[in-house]
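Okay, here's what each chain looks like letter by letter:
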Amino acid sequence: LDTARACVAGKVKNCRQVLQRGAREAKTEAEAAALARLADDLAASLRALPAAGSLDGLRGVEGEAARQYFSGLNLLVRPDQRATFAMDGRTRRPPRDRFNALLSFLYAMWMNDCRSALEAAGLDPQAGFLHALRPGRAALALDLMEEFRPWADRLALTLINRGQLNAHDFAMREGGAVALAPDARKAVVVAFQERKKDEISHPLLAQTLPLGLVPLVRARLMARAVRDSAAPYIPFVPK
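Residues numbered from 1 in each chain as written. Predicted model: local features only at pLDDT ≥ 70, side-chain atom pairs only at ≥ 80, totals over all residues. Heavy atoms only, no water.

A. Structural context of the overall build of the protein chain. For the protein chain, the helix and strand inventory stands at eight helices and four strands. When the helices and strands of the protein chain are placed in sequence order, the string is α-α-α-α-α-α-β-β-α-β-β-α. By the compact-globule yardstick of 18 Å for 239 residues, the protein chain fits well, its C-alpha radius of gyration being 18 Å. Each of the three principal axes of the protein chain carries a C-alpha extent, and together these read 50 × 40 × 40 Å. Here the protein chain holds 239 residues, and the buried ones make up 50% of them. When contacts within the protein chain are restricted to residue pairs at least 6 apart in sequence, long-range pairs at least 24 apart make up 61% of them. When the accessible surface of the protein chain is summed, it comes to about 11600 Å², and 52% of that surface belongs to carbon and sulfur atoms. Separation between the mean location of the 35 positive side-chain charges and that of the 26 negative ones in the protein chain comes to 1 Å. (Helix = DSSP H or I, 4+ residues; strand = E, 2+ residues; numbered from the N terminus. Rg over C-alpha atoms; globule rule 2.2 N^0.38 Å. Buried < 20%, exposed > 50% of the residue type's maximum accessible area, 1.4 Å probe, protein only. Contact = heavy atoms within 4.5 Å. Areas by Shrake-Rupley, 256 points an atom, 1.4 Å probe, with all protein chains shown as cover. Lys, Arg positive; Asp, Glu negative; His and termini not counted. Charge placed at Lys NZ, Arg CZ, Asp CG, Glu CD.)

Laid out in structure tokens, this is it:
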């Protein structure tokens, strides 16, 4: 439960930073105020985490925080792109809009990196703490990926706001599903690989390293927490 709580705390703290940055950069006072309120809501979710006495309770706190967070992402999209990339909450299996389709693709790449990192650290990606165990589900990779989701969100917003993706980069399928077109997928992969070269400061290691190496560092810290109860897992929250 403590390890699952740490995964959720890392995710919510990093999501809150996305909203706070958006509030600072907002073009109108109304949007800045709305984003600040949502950031305060996420702060309340963080305060509720220690009292969650079960996985179900913890998942409930995480779910409410995620709902609040995704309700504000539209405000981080450039105004002239909001109609094209309108999002009404998080949808998956299948994504129901362009923004969700882009997020799902980015999340899948982060999840694969986390799975590989866990295997390199000697852990079984299928046996997680936060995510329920199901056949074929890389539950621990999903746990580890939680704190990286806001990094995917930031990249998605960059691609949208810089006009690197447009409506024609997505395919609308039967039943309302939306997917990235093949050429757009290639462009997103390139952008993802470039983003992983960014140097960031890891607070626990007190040193800078490429973002792409952070999953391996986090996996090793997860392995240490599994093997040594005196070394709890600490969430990844860069400055």
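B. How the structure looks around the pairing of strand β3 (residues 199-202). Here β3 shows a buried face lined by Ile200 and His202 and an unburied face lined by Glu199 and Ser201. Where β3 lies against strand β4 (residues 207-210), four bridges are found, and the strand directions are antiparallel. Directly across from Ile200, in β4, lies its bridge partner Leu209. (Pairing = 2+ DSSP bridges.)

C. Quick look at the packing of aromatic side chains. The tally for this structure, following the rule as stated, stands at four aromatic pairs. An aromatic cluster is built from Trp110, Phe148 and Phe192, whose rings are joined through pairwise contacts. For the cation-ring pair, Arg149 lies above Tyr107, with the distance from its terminal atom to the ring centre recorded as 4.7 Å. Cation over ring: Arg154 sits above Trp151, and NZ or CZ is 5.3 Å from the ring centre. (Phe/Tyr/Trp six-rings, centres within 6.5 Å; stacked < 30°, edge-to-face > 60°. Lys NZ or Arg CZ within 6 Å of the ring centre and 35° of its normal.)

D. Quick look at the pattern of salt bridges. Under the definition given, this model contains 13 salt bridges. The salt bridge involving Arg82 is made with Glu31; its shortest N-O contact spans 2.7 Å. Of the two residues, Arg82 is situated in the loop between α3 (55-72) and α4 (98-120) and Glu31 in helix α2 (residues 29-48); the sequence distance between them amounts to 51 residues. In this structure Glu31 comes out as buried when scored by relative accessible area, which is 17%. One network of salt bridges, in which partners are shared, links Lys11, Glu62, Glu146 and Arg149. (Salt bridge = Lys/Arg side-chain N within 4 Å of Asp/Glu carboxyl O.)

E. Geometry of the side chain of Asp153. Within the secondary structure, Asp153 is located in helix α6 (residues 149-161). Nearest to the buried, unbridged Asp153 among oppositely charged side chains is Arg149, at 7.1 Å. A polar atom in the side chain of Asp153 sits 2.6 Å from the side chain of Tyr107. Setting aside residues no more than four positions away along its own chain, Asp153 makes contact with Tyr69, Leu103 and Tyr107. (Polar contact = N/O pair within 3.5 Å; in protein donor to acceptor, adjacent residues only side chain to side chain.)

F. Region of interest: the nonpolar core. Ranked by size, the top nonpolar core spans 78 residues in total, and within it Phe99, Leu102, Leu106 and Val188 carry the most contacts. Ignoring any residue separated from it by four or fewer positions in sequence, one finds Leu102 in contact with Ala156, Leu159, Ile160, Leu165, Phe170, Leu180 and Val188. (Core = buried A, V, L, I, M, F, W, Y, C linked by side-chain atoms within 4.5 Å.)

G. Spatial organisation of α2. For α2, which comprises 20 residues, the first-to-last C-alpha distance of 29 Å matches the rise-based estimate of 28 Å (1.5 Å per residue) to within 8%. When we look at burial in α2, the residues that qualify are Glu31, Ala34, Leu35, Leu38, Ala39, Leu42, Ala43, Ser45 and Leu46. On its buried face, α2 is in contact with α1 (2-25) and α3. (Expected span 1.5 Å × (residues − 1).)

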